[in-house]
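Chain by chain, the residues run as shown.
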Amino acid sequence: MANPTGVILAGGRASRLGGGPKGLLEVGGVRMLDRVVAAMTEAFGVPPLLIANAPDAGDWHPGLRVVVDRVADAGTLGGIHAALAAVAGPVICVAWDMPFVPAGLLRLLAARLPGFDAVLPASAGPRGVEPLCAAYGPACLGPVEAAMARRDFRAVGFHADIQVTILDRSATESFGDPATLFLNVNTPEDLERANRLSLFPRPGE
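Q: Quick question: what am I supposed to make of the pairing of strand E7 (residues 118–121) here?
A: Successive side chains on a regular strand alternate, one facing one side of the sheet and the next facing the other. The alternating pattern of E7 places Ala 118 and Leu 120 on one face and Val 119 and Pro 121 on the opposite face, and all of these are buried. Strand direction decides the pairing type here: E7 and strand E8 (residues 133–136), joined by two bridges, are antiparallel. The residue of E8 that forms the bridge with Ala 118 is Tyr 136. Pairing between E7 and strand E9 (residues 164–167): four bridges, direction parallel. Among the inter-strand pairings, Leu 120 is bridged to a residue of E9, identified as Ile 166.

Have a look at this one:
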């Protein structure tokens, strides 16, 4: 399998956080985008790809290649699709409002991908898995496009057509509490919580 490409999904309108690009907000004095870029670069040795539709996205972090969605208004699935269409190989996707995803977890997702089309960590969320911090192989592209064609824009809507493996909770917990690792900063309360959590070191630090 080809070397994985790190991909940052810069989606969402951040309406509950003032409407600006929320990944540019700081957690512990560091922009969330910069935190994810650092984890991706540590994990794979090269800067990640940035999936973003904002006209000024190229100014957010110099040196990142910016790719826009190919299908408008497709949400998270549109970002996953853009990543798969832009890269000839597997991609490891992380939302830019997840400031605590560590490099080790990203490498583990990539290591588990051979033999499967996608690797998703188990989650306590409503879907049971975390599609915004996951590995996707190139075989996902066709099923993602088929899901969008039938107007199914769920981030997991194409899983019935691929081979998925789940990273169990115990493997994830070796990197920390999943509730922290997969924290999405969507509200002022989330941002406040993230800033509090940033004061505590993660396992191995």
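Q: I would appreciate a short explanation of the environment of Leu 84 in the present structure.
A: Summarising the element assignment, Leu 84 is placed in helix H2 (residues 75–86). Ignoring any residue separated from it by four or fewer positions in sequence, one finds Leu 84 in contact with Val 91, Tyr 136, Gly 137, Pro 138, Cys 140, Leu 141 and Val 144.

Q: Can you help me understand the nonpolar core in this one?
A: What tends to happen in soluble globular proteins is that the nonpolar side chains get buried as a cluster. If you look at the biggest cluster of nonpolar residues, it comprises 61 residues, and the most contacted ones within it are Leu 106, Cys 133 and Tyr 136. Ranked by residues supplied to this core, first place goes to helix H1 (residues 32–44) with seven residues. Those residues within four positions of Tyr 136 in sequence are excluded, and the remaining contacts are Ile 80, Leu 84, Pro 90, Val 91, Cys 93, Leu 113, Asp 117, Ala 118, Leu 120, Pro 131 and Phe 158. Leu 183, Val 185, Leu 191 and Ala 194 belong to the second largest nonpolar core, which has eight residues in total.

Q: What should I look at first to understand unusual backbone geometry in this one?
A: Excluding glycine, residues mostly carry a negative phi; peptide bonds, for their part, are mostly trans. The residue Asp 73 is not glycine, and still its phi comes out positive at about 60°. Mapped onto the secondary structure, Asp 73 falls in the loop between strand E5 (65–67) and H2. Its identity is not glycine, yet Arg 151 carries a phi of approximately 65°, on the positive side. Considering the arrangement of structural elements, one finds Arg 151 in the loop between helix H4 (141–149) and E9.

Q: Please clarify how the pattern of salt bridges should be interpreted in this entry.
A: Opposite charge on two side chains makes pairing possible when the charged atoms of those side chains draw close. Evaluated as defined, the whole model comprises six salt bridges. Residues Asp 97 and Lys 22 are paired through a salt bridge, measuring 2.6 Å at the closest nitrogen-oxygen approach. Here Lys 22 lies in the loop between strand E1 (5–9) and strand E2 (26–27) and Asp 97 lies in the loop between strand E6 (91–95) and helix H3 (103–112), a separation of 75 residues in the sequence. The pair formed by Asp 97 and Lys 22 is uniform in burial state, with each residue classed as buried. Between Glu 192 and Arg 196 there is a salt bridge whose closest N-O contact spans 3.6 Å. Taken together, the positions of Glu 192 and Arg 196, both in helix H7 (residues 188–197) and four residues apart, correspond to about one turn of that helix.

Basis of the calculations
Residues numbered from 1 in each chain as written. Predicted model: local features only at pLDDT ≥ 70, side-chain atom pairs only at ≥ 80, totals over all residues. Heavy atoms only, no water. Buried < 20%, exposed > 50% of the residue type's maximum accessible area, 1.4 Å probe, protein only. Helix = DSSP H or I, 4+ residues; strand = E, 2+ residues; numbered from the N terminus. Pairing = 2+ DSSP bridges. Contact = heavy atoms within 4.5 Å. Core = buried A, V, L, I, M, F, W, Y, C linked by side-chain atoms within 4.5 Å. Salt bridge = Lys/Arg side-chain N within 4 Å of Asp/Glu carboxyl O.

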